[in-house]
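# Chains, contacts and geometry: an overview
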Amino acid sequence: MRAVALALLSALGVACFVDEASTSGEGSSSSSSSSSTSTSTTAAETSSASAGPVCGDGQIEGEELCDDGPANGEGGTCTELCVFNVCGDGVRGADEACDDGNEAIYDGCTPECALEVCGDGVVQPNEACDDGNLRSGDGCSSACALESCGDGVVQRGEVCDDGNAIEDDACTSLCKPPTCGDGIVSTGNGEGCDEGPANADDAACTAGCQVAICGDGLVGPGEACDDGDDEAGDGCAPTCERDALRVFLTQSTSTGVLGGLRGADALCAEEAAMAGLSGTYYAWLGVGDVGPEQRLTVTTLPLIRTDLVQVATSLDALTLSGALMAPIDVDPFGMKIDGPAACDETSSVWTNVKTDGKADGNNDCMGWTTLGPYQMGRVGRFTSVEADWTKGCPNRPCSRLLRLYCFEG
């Protein structure tokens, strides 16, 4: 309206000046000059008015929603097009950290026009994790990296973390100090091997994390024995092979209720283990028609006491002659047990075995399982080297407390 009004006024002014000039001859030259000046001024105003609003002049005009003058544009509240700066228009506004003109994620700028950074809870392409905080020790580090053993940071559940995979230092790849049994060979800590749960004193890698070898005192794979020395004739040769079999008299005494042959063998094994004797041990007992002759399979090696005194050149020789070279009166620790020379109860041993190694009938406390008021057991005398070492003394009631002979088989 403003432009239209100015145009009408201009037109009316020109017409008046023309009428005055035509009716008066005097002063036509000044009138003409005045009219020209007036017309020129009016045209400039008309031209200015017809140009419309100018975005950036600081005036909100026409269809402009805003106009902050020179402040329009990047970082302002009003753009260079004089519309309000909003998130998503591609122009970073005053309250925006970024604006890439889209609603995509993982491109550095969120749909809310915030910079995508570690700690915003959104996993970006260059992040392994993002738990919405910048705390380490909760599984996702302050650098948005997954926390794991070997990253150099001691996390929950780790004892140490030196950031390397070197096993021979103070912190293993399991983020724990090296220990025998962890499955990691730490030579710097004196380990020769480590098979983890498979470590055992009878395995290739001992319970002490050392490679099993002949002479270490542990019976390892391929060894029949290992007494930890180089002495021959003591039951175990320097090559860890049997060169003799050991026999001993039990320290403990028992009634004739032994739990059968199996229970008696278990008693022998228990005492042998207590003394640190390797090998398998059997009680010198007979039940029915089963005697040591059937149960002891190695028959050609010398028989020695645990104090290394030989009692027979072999089991075959013993069962053939029926006599001993020395009495079996030494316990598994090599200690002598004294007893009377006669068939006294204190020198008696449960046997039910004849001199040839065969069972001696049913004088066995019902298979070494029953006391009974009339049950009797055959006995020998541990102070003897004659036939009565195994048979010849009077039978004893099964309620008596007597010892056993134990033979390595």
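Residues numbered from 1 in each chain as written. Predicted model: local features only at pLDDT ≥ 70, side-chain atom pairs only at ≥ 80, totals over all residues. Heavy atoms only, no water.

What the chain contains, in helices and strands, is six helices and eight strands. Counted from the first residue to the last, the chain has its helices and strands arranged as α-α-β-α-β-α-β-β-α-β-α-β-β-β. Across the 409 residues of the chain, 35% fall into the buried class. As displayed, the chain has an accessible area near 21100 Å², and 56% of this comes from carbon and sulfur atoms. (Helix = DSSP H or I, 4+ residues; strand = E, 2+ residues; numbered from the N terminus. Buried < 20%, exposed > 50% of the residue type's maximum accessible area, 1.4 Å probe, protein only. Areas by Shrake-Rupley, 256 points an atom, 1.4 Å probe, with all protein chains shown as cover.)

Relative to the helices and strands, E408 resides in strand β8 (residues 405-408). Residue classification places E408 among the buried residues on the basis of a relative accessible area of 3%.

If you trace the three strands from one edge of the open sheet to the other, you get β5-β6-β7, paired in antiparallel fashion. Pairing within the sheet leaves two strands with one partner each, and these edge strands are β5 (348-350) and β7 (393-397). Each neighbouring strand pair of the sheet contributes to a mean axis angle of 50 degrees, computed without reference to strand direction. Of the strand pairs in this sheet, strand β6 (residues 376-381) and β7 are connected by three bridges, and their pairing is antiparallel. Residue pairing for β7: M376 is matched across the bridge by P397. (Pairing = 2+ DSSP bridges. Axes fitted to C-alpha atoms, helices over the stretch in contact; angles between N-to-C directions.)

Turning our attention to the packing of aromatic side chains. Counting across every chain of the model gives six aromatic pairs. Residues W284 and W389 carry aromatic rings whose centres are separated by 5.1 Å and whose planes lie at 40 degrees to one another, so their mutual orientation is tilted. In this pair, W284 is assigned in the loop between β2 (281-283) and α4 (292-295) and W389 in the loop between β6 and β7, connecting sequence segments 105 residues apart. The burial state of W284 is the same as that of W389; both residues are buried. (Phe/Tyr/Trp six-rings, centres within 6.5 Å; stacked < 30°, edge-to-face > 60°.)

Below, the discussion takes up unusual backbone geometry. One non-glycine residue, C82, lies in positive phi territory at about 60 degrees. Here C82 is to be found in the loop between α2 (28-50) and β1 (245-249). A positive phi angle is found at C209, which is not glycine, with a value near 60 degrees. With respect to the element layout, C209 can be found in the loop between α2 and β1.

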